[in-house]
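In case you want the letters, here they are:
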Amino acid sequence: IMQQKPGITEFNGEILDLVNKIKKRYPEGRQKSALLPVLHIAQAENNGWLSSEIMDYVASLLEIQPIEVYEVATFYSMFNLQPVGNCVIEVCQTGPCWLNGSEEILAHFEKRLGIKAGETTPDGRFTLKTVECLAACGNAPVIQVGTEYHENLNIAKADELLEKWTAENKISHTNPYL
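Please read all numbers here as calculations on a predicted model, not as lab measurements.

## Let's talk about the overall build of the chain
Right, on to step 1. Counting secondary structure elements, the chain contains 7 helices and 4 strands.
Right, on to step 2. Counted from the first residue to the last, the chain has its helices and strands arranged as α-α-α-α-β-α-α-β-β-β-α.
Right, on to step 3. Relative to the compact-globule value of 16 Å for 178 residues, the chain shows a C-alpha radius of gyration of 17 Å, a close match.
Right, on to step 4. If you line up the chain on its principal axes, its C-alpha atoms span 50 × 35 × 25 Å.
Right, on to step 5. Relative to all contacts within the chain whose residues are 6 or more apart in sequence, the contacts with residues 24 or more apart total 66%.
Right, on to step 6. Carbon and sulfur atoms form 51% of the exposed surface of the chain, whose accessible area is close to 9,500 Å².
Right, on to step 7. Of the charged side chains in the chain, 15 are positive and 23 negative, and the gap between their average positions amounts to 4 Å.

See the structure below:
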């Protein structure tokens, strides 16, 4: 069973300063506009996922209702609502990727990692997800790990990436704003 890392319930001073800087980009009364970047920060600071406590905290910082945060966090596949592994592999499953072999890539990752899509390896190193359109259809099949895209994927490239990520103990959920 994956060991869950302790999460946060509030930001430290440096991160709070960053959030306030982002909030200042938007006019008074439009703090909700900062929600996406603040959720990205919250997820990175909370070991790659958004707990209900951290989403409530984000709502209080932006002076919006918690339901407004939940609506956004549940809509976008880039937000994780349960603990994830250090390396989150997102496999595109839309038409162009599927036609070019993403189903085989997904099956290969499932076999190699010993998990199904939506699961995390018992050691907490990898989470495998399927996502809708990563907007790189011309280079299908595509996967995303953190902010990195890997395009024109095949089984050999998938194996190379998995070996690399295993060797470096890849952590894909780092704060994109630091």
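Now, onward.
## Overview of the environment of Leu81
Right, on to step 1. Mapping Leu81 onto the fold places it in the loop between helix 4 (66-75) and strand 1 (87-92).
Right, on to step 2. For the pair formed by Leu81 and Lys24, sequence separation is 57 residues and the distance between their alpha carbons is 27 Å.
Right, on to step 3. In contact with Leu81, not counting residues within four places along its chain, are Trp49, Leu50, Met55, Ala73 and Thr74.

## A look at the packing of aromatic side chains
Right, on to step 1. Applying the stated criterion across every chain, the model contains 3 aromatic pairs.
Right, on to step 2. With a centroid separation of 4.9 Å and 90° between ring planes, the pair formed by Phe75 and Tyr76 is classed as edge-to-face.
Right, on to step 3. On the basis of relative accessible area, Tyr76 is assigned to the partly exposed category, the value being 33%.

## Examining helix 2 (residues 35-45)
Right, on to step 1. Among the 11 residues that make up helix 2, 8 are buried, leaving the element largely enclosed by the rest of the structure.
Right, on to step 2. All of the buried residues in helix 2 are Leu35, Pro37, Val38, Leu39, Ile41, Ala42, Gln43 and Ala44.
Right, on to step 3. Buried-residue contacts for helix 2 involve helix 1 (13-23), helix 3 (52-62) and helix 4.
Right, on to step 4. Positive backbone phi, at 60°, marks Asn47, one or two positions downstream of helix 2.

## Description of the nonpolar core
Right, on to step 1. Formed by 24 residues in total, the largest nonpolar core has its most connected members in Phe11, Leu35, Leu39, Leu50, Val58 and Val69.
Right, on to step 2. When residues in this core are grouped by element, the largest group, 7 residues, is from helix 3.
Right, on to step 3. For Leu39, the contacting residues outside a window of four places in its chain are Leu50, Val58, Val69, Val72, Ala73 and Phe79.
Right, on to step 4. The next biggest cluster of nonpolar side chains, apart from the first, holds 17 residues, and it includes Ile105, Leu128, Leu161 and Trp165.

## Side note on helix 7 (residues 155-168)
Right, on to step 1. Counted at 1.5 Å a residue, the expected span for helix 7 with its 14 residues is 20 Å, and the 20 Å between its end C-alpha atoms agrees.
Right, on to step 2. Of all the positions in helix 7, only Ala158, Leu161, Leu162 and Trp165 are classed as buried. In a view along the axis of helix 7, the buried residues occupy a sector of 100°, so they form one face of it. Of the exposed residues in helix 7, the ones pointing more than 90 degrees away from its buried face are Glu160 and Ala167.
Right, on to step 3. If you follow the buried residues of helix 7, they end up packed against strand 1, helix 6 (102-113), strand 2 (126-131), strand 3 (143-145) and strand 4 (148-150).
Right, on to step 4. For helix 7, the side-chain oxygen to backbone nitrogen distance between the N-cap and Ala156 is 3.1 Å, and the N-cap itself is Asn154.

## Comments concerning the sheet that holds strand 4
Right, on to step 1. The strand order across the open sheet built from 4 strands is 2-1-3-4, with neighbouring strands paired in mixed fashion. Strand pairing shows two members of the sheet lacking a second neighbour, strand 2 and strand 4, which therefore form its edges. The average angle at which neighbouring strand axes cross in this sheet is 25°, direction not considered.
Right, on to step 2. Those strands touched by helix 6 are strand 1, strand 2 and strand 3, and its axis lies near 150° from that of strand 1.

## Overview of the pairing of strand 1
Right, on to step 1. Burial of strand 1 is extensive: 6 of the 6 residues sit out of reach of the surface.
Right, on to step 2. Where strand 1 meets strand 2, 6 bridges bridge the pair, whose relative direction is parallel. Looking at the pairing, Val88 lines up with Thr127 of strand 2.
Right, on to step 3. Two elements, strand 1 and strand 3, share 3 bridges in a ladder whose sense is antiparallel. Residue pairing for strand 3: Val91 is matched across the bridge by Ile143.

Conventions used here
- Residues numbered from 1 in each chain as written.
- Predicted model: local features only at pLDDT ≥ 70, side-chain atom pairs only at ≥ 80, totals over all residues.
- Heavy atoms only, no water.
- Helix = DSSP H or I, 4+ residues; strand = E, 2+ residues; numbered from the N terminus.
- Rg over C-alpha atoms; globule rule 2.2 N^0.38 Å.
- Contact = heavy atoms within 4.5 Å.
- Areas by Shrake-Rupley, 256 points an atom, 1.4 Å probe, with all protein chains shown as cover.
- Lys, Arg positive; Asp, Glu negative; His and termini not counted.
- Charge placed at Lys NZ, Arg CZ, Asp CG, Glu CD.
- Phe/Tyr/Trp six-rings, centres within 6.5 Å; stacked < 30°, edge-to-face > 60°.
- Buried < 20%, exposed > 50% of the residue type's maximum accessible area, 1.4 Å probe, protein only.
- Core = buried A, V, L, I, M, F, W, Y, C linked by side-chain atoms within 4.5 Å.
- Expected span 1.5 Å × (residues − 1).
- Arc of directions from axis to C-beta.
- Polar contact = N/O pair within 3.5 Å; in protein donor to acceptor, adjacent residues only side chain to side chain.
- Pairing = 2+ DSSP bridges.
- Axes fitted to C-alpha atoms, helices over the stretch in contact; angles between N-to-C directions.

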